[in-house]
Amino acid sequence: QVQLVESGGGLVQPGGSLRLSCVASGSTFANAVMGWYRQAPGKQRTLVALITSSLSTDYAASVKGRFTISRHNAKKTVYLQMNSLKPEDTAVYSCNYRSPGGTLDYWGQGTQVTVSS
């Protein structure tokens, strides 16, 4: 029902920046909670940031002050601006859509972010 397509990942040096984008299908985008998650090799997938329909945001402690999540409802797109990147930020970053009822989750295919010299 909902399709999510991420883009913007790549290789960047420590201290550099990237902006991830996720384009969502469906007419209920504006009412959904959108999130970015990441999974590093050998580790569990964890929440990086989320944004609600009222533009309230939450961030993992490890990215506060460095990452910013935003959304553009007319474009059905959620963004993750990533600054001051560290090697420990290396992971596959996935976009998550939670339905307005809070019972359904959809995931994008993920985009690789590698922070290395």
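As a reminder, the structure under discussion sits directly above these lines.
All values derive from a computational prediction rather than experimental measurement.

Analysis parameters
- Residues numbered from 1 in each chain as written.
- Predicted model: local features only at pLDDT ≥ 70, side-chain atom pairs only at ≥ 80, totals over all residues.
- Heavy atoms only, no water.
- Helix = DSSP H or I, 4+ residues; strand = E, 2+ residues; numbered from the N terminus.
- Rg over C-alpha atoms; globule rule 2.2 N^0.38 Å.
- Buried < 20%, exposed > 50% of the residue type's maximum accessible area, 1.4 Å probe, protein only.
- Contact = heavy atoms within 4.5 Å.
- Areas by Shrake-Rupley, 256 points an atom, 1.4 Å probe, with all protein chains shown as cover.
- Core = buried A, V, L, I, M, F, W, Y, C linked by side-chain atoms within 4.5 Å.

Participant: Explanation requested: the overall build of the chain in the structure shown.
Facilitator: On a plain count of helices and strands, the chain comes out with 0 helices and 11 strands. Overall, the chain shows an N-to-C arrangement of helices and strands of β-β-β-β-β-β-β-β-β-β-β. The globule rule puts the C-alpha radius of gyration for 117 residues at 13 Å, and the 13 Å found for the chain is close to it. Relative to its full complement of 117 residues, the chain shows a buried share of 38%. The long-range fraction of contacts in the chain, counting pairs at least 24 apart against all pairs at least 6 apart in sequence, stands at 54%. As presented, the chain carries roughly 6,200 Å² of accessible surface, and 48% of it is formed by carbon and sulfur atoms.

Participant: Where do I start with the nonpolar core in this structure?
Facilitator: In globular proteins that are soluble, nonpolar side chains generally tend to be buried together. Counting residues in each nonpolar core, the largest one holds 27 residues, and the members touching the most others are Met34, Trp36, Leu80 and Tyr93. Elements with a minimum of two residues in this core: strand S3 (18–24), strand S4 (33–39), strand S5 (46–51), strand S7 (67–72), strand S8 (77–82), strand S9 (91–98) and strand S11 (111–115). Leaving out residues up to four positions away in the same chain, Leu80 has contacts with Leu18, Arg19, Leu20, Trp36, Val48, Ala49, Phe67, Thr68, Ile69 and Tyr93.

By themselves, these are just geometric observations and shouldn't be taken as functional.
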